[in-house]
Amino acid sequence: MTESIDPATVRYDAIVPAGEPWIHEIIKGQYLRIIDVEGNQAADTLFFNADDYEDRYSAQDTIRAQANIYLTTGTKLMSSKGNVLLTIVADTCGRHDTLGGACSMESNMVRYAIEKRHMHACRQSFVKAALAWGHGLAKRDIAANINFFMNVPVTREGGLTFEDGVSAAGKYVQLRAEMDVLALISNCPQLNNPCNAYNPTPIRVVIWDPRD
Ligand SMILES: [Zn+2]
């Protein structure tokens with residue numbers, strides 16, 4: 001099932017600890033694999049045109065372009081200015097969410113309890129990593145995101161439900177950059193949601209060059 005990567009082509013390989021953000025550029029043609037190391041983890045992800053951060057991942061345009069609310073193999077991740085940022089080229093998990101959004105202090109209070117307000121959330125991780133990256137990337141650039149490995153089915157009545165994860169240890173999603181992009185991931189620190197079994201765990205990110 002797992003397609004092996006030629007070690008000679010690997011340009012980057014790292015573990016993102018549970019609850020931590022990660023930011024990195026991916027050059028056109030390179031591949032990015034995000035691996036759910038222990039299973040049932042949520043990788044909240046944003047992508048930007050590396051040369052124009054106002055041209056960023058658009059959940060609305062991606063859903064409209066493929067006429068499907070779930071992301072999987074074949075999905076072209078569209079930008080707000082109509083560009084294809086990346087294509088999902090392999091997916092051993094099978095379903096990823098782009099409707100549920102990133103957890104925030106505010107949503108933690110509304111969904112769980114007022115006492116959850118102090119808890120670290122993806123929105124804080126996004127902002128922290130964006131500001132550390134610099135180059136003008138800031139809070140206003142944090143738009144609707146992808147939740148890789150997260151199961152957020154839509155009910156017949158049109159409601160959103162957060163279900164136990166469909167992912168498992170070692171499952172991965174693989175993307176090909178169709179232009180130079182900046183990837184920003186919050187490896188979700190959420191402790192109140194069944195999507196990650198109430199237990200944040202590490203993810204692994206690998207970037208490699210195409211064989212030619
Ligand atoms: Zn989160």
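It should be noted that the structure appears before, not after, this text.
Here the residue numbers are simple positions, counted from 1 along each chain's written sequence. Restriction of local features to residues with pLDDT of at least 70 applies here, the model being predicted, together with a cutoff of 80 or more for giving and counting side-chain atom pairs; totals for whole chains, interfaces and linings are based on all residues. With hydrogens and water set aside, each side-chain value is computed from the structure's full complement of heavy atoms.

**Student:** Talk me through the pattern of salt bridges; I want residue IDs and the actual numbers.
**Tutor:** For salt bridges, the criterion is a side-chain nitrogen of Lys or Arg within 4 Å of an Asp or Glu carboxyl oxygen. In this structure the tally under the stated criterion is 7 salt bridges. Of the charged contacts in the structure, one is a salt bridge between D141 and R56, with a shortest N-O distance of 2.7 Å. Separated by 85 residues along the polypeptide, D141 in the loop between α3 (122-133) and β8 (146-148) and R56 in strand β5 (residues 52-56) bring together distant segments of the chain. Each member of the pair D141 and R56 is classed as buried. Here R176 and E178 are joined by a salt bridge, their closest N and O atoms 3.0 Å apart. Residue class for R176 comes out partly exposed when judged on its relative accessible area of 27%. Secondary structure elements are defined from DSSP: runs of H or I of at least 4 residues count as helices, runs of E of at least 2 residues count as strands, and each element is numbered from the N terminus. Under the scheme applied here, a residue whose accessible area is under 20% of the maximum for its type counts as buried, over 50% as exposed, and between as partly exposed, the area being computed with a 1.4 Å probe on protein chains only.

**Student:** Please set out the nonpolar core residue by residue, giving values where relevant.
**Tutor:** One finds L32, I34, F47, F148 and L175 to be the most contacted residues of the largest nonpolar core, which totals 29 residues. In this structure, F47 is in contact with L32, R56, Y57, L77, L85, L86, I146, F148, L175, L182 and A183, ignoring residues within four places of it in sequence. Side-chain atoms within 4.5 Å are what join buried Ala, Val, Leu, Ile, Met, Phe, Trp, Tyr and Cys residues into a set we call a nonpolar core. Of all hydrophobic cores here, the second largest spans 12 residues; its members include F126, A129, L137 and I142. Here a residue-residue contact requires only that any non-hydrogen atoms of the pair lie within 4.5 Å.

**Student:** Before we move on, can you summarise the sheet that holds strand β3 (residues 31-36) with the specific residues and values?
**Tutor:** In this description, strands pair whenever DSSP reports at least two bridges between them. If you trace the 6 strands from one edge of the open sheet to the other, you get β1-β11-β3-β9-β7-β6, paired in antiparallel fashion. Every other strand in the sheet has two partners, leaving β1 (10-16) and β6 (76-78) as the edge strands with one partner each. Sheet twist, expressed as the average angle between the axes of neighbouring strands with direction ignored, equals 20°. For β3 and strand β9 (residues 171-177), the ladder comprises 6 bridges, and the chain directions are antiparallel. Of the residues in β9, the one forming a bridge with I35 is Y172. Only the contacting stretch of a helix is used when fitting its axis, a line to C-alpha atoms as for every element, and angles between N-to-C directions run 0 to 180 degrees.

**Student:** Account for unusual backbone geometry, with residues named and values stated.
**Tutor:** In this structure, N40 is a non-glycine residue whose phi angle is positive, near 55°. Its place among the elements puts N40 in the loop between β3 and β4 (43-49). Judged by relative accessible area, which is 17%, N40 ranks as buried. Although it is not a glycine, A67 sits at a positive phi angle of roughly 50°. Along the chain, A67 falls in the loop between α1 (59-66) and β6.

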